[in-house]
Number of protein chains: 2
Amino acid sequence: MSITQEHAEDQNLPYNVFAKACPSRGTLEHVTGRWGALTLGALREGSLRFNELRRRVDGVSEKMLSQTLQALERDGLVHREAQPTNPPRVDYELTPLGHQVAGHLLALIRCVEDRMDDVLAAREEYDGRQN
Amino acid sequence: MSITQEHAEDQNLPYNVFAKACPSRGTLEHVTGRWGALTLGALREGSLRFNELRRRVDGVSEKMLSQTLQALERDGLVHREAQPTNPPRVDYELTPLGHQVAGHLLALIRCVEDRMDDVLAAREEYDGRQN
DNA sequence: CGGGATCCCGCACGATACTG
DNA sequence: CAGTATCGTGCGGGATCCCG
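Residues numbered from 1 in each chain as written. Chains lettered and ligands numbered in written order. Predicted model: local features only at pLDDT ≥ 70, side-chain atom pairs only at ≥ 80, totals over all residues. Heavy atoms only, no water.

A look at the interface of chain B and chain A
In this assembly, 53 residues from chain B lie in contact with 52 residues from chain A. Of the roughly 5,100 Å² buried between chain B and chain A, counting both surfaces, carbon and sulfur atoms make up 64%. Summed over the three residues of chain B that lose the most area to chain A, namely B:Y15, B:F18 and B:R74, the buried surface amounts to 16% of that side. The interface formed by chain B and chain A holds six salt bridges in total. Residues A:E29 and B:R34 are paired through a salt bridge, measuring 3.6 Å at the closest nitrogen-oxygen approach. Taken together, the links from chain B to chain A amount to 21 residue pairs in polar contact (both at pLDDT 80 or more). (Contact = heavy atoms within 4.5 Å. Buried area = accessible area lost by both parts, 1.4 Å probe. Salt bridge = Lys/Arg side-chain N within 4 Å of Asp/Glu carboxyl O. Polar contact = N/O pair within 3.5 Å; in protein donor to acceptor, adjacent residues only side chain to side chain.)

Pasting the structure below:
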């Protein structure tokens, strides 16, 4: 091993969201996307069925919820459990990885909610400042 | 105070991102948006000038960066410091609130980067499973 | 109930050019 | 350098219908 190797990364950390081509950016967008964040947040409380989820995430269309769930399932964040009954029953729940990610997300969400008054005040000052 | 007063304005936590009409959802979208998250993440390391930021957030256009920064400044997450010199010099830095939010964001980003191998593996299994 | 297929519109976004 | 202005378009995403 070269002694000139300044940043001797013991482990390989090749993933960097700030680089355009990095696949991690795509996953970050699934996670932080308009519906992805709310879906993961909602699922953190426990497993939910499709229409329960749809009611919980106010405003999401069937199509977008379906699409969002597929992306999250593909990324290994959500587990889909379908029972071949009639009528069909499908439950969605977080994987351990999804749970971890949703934890960070929920902390962020709570933070934004908690400090929303500050945000609103900042907006008023901003709008008032430049006429 | 009227007993018919439905919404108690003096409550502490009236904000709920899961409700479609809640203003906190808009702010969450600014923060978790495609460029918002990366911009806040980049600024956490210190103040940056416009083009420095543009280079750091690989792939962002001038227009989108400008637009993103305006939204974040309006929400009180970013402070813009313009010096009337020639050539002009403008520095962007996080406010205390922005720093707090960006902290959560960066934790999320690191988490996604760290576990990207798991995500990629999950994708392969998903793609291979249902042909 | 849990979706898939299709149609279609708006605007988020990129590219380009211009300004102080 | 640090942005605005303008224009064109891709696709995000809503609406609707349908099926097992």
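Here's the deal with the UniProt feature "domain: HTH hxlR-type" (unreviewed entry) in chain A
Within the UniProt annotation, "domain: HTH hxlR-type" (unreviewed entry) is assigned to residues 22–120 of chain A. As a span, residues 22–120 of chain A carries 65% helix and 14% strand, and end to end its C-alpha atoms are 35 Å apart. (UniProt positions renumbered as here; feature names shortened; annotations may be inferred. Helix = DSSP H or I, 4+ residues; strand = E, 2+ residues; numbered from the N terminus.)

Points about the sheet that holds strand β1 (residues 48–49) of chain B
All names here are of chain B. As summarised here, the arrangement of the three strands in space is β1-β3-β2, forming an open sheet in which the pairing is antiparallel. Here the strands that pair on one side only, and so sit at the sheet edges, are β1 and β2 (78–83). In the sheet, β1 pairs with strand β3 (residues 89–94) via two bridges, with the strands oriented antiparallel. The residue bridging R49 from the neighbouring strand is D91, located in β3. Its contacts with the sheet put helix α2 (residues 34–43) on β1, β2 and β3, and the angle it makes with β3 is roughly 95°. (Pairing = 2+ DSSP bridges. Axes fitted to C-alpha atoms, helices over the stretch in contact; angles between N-to-C directions.)

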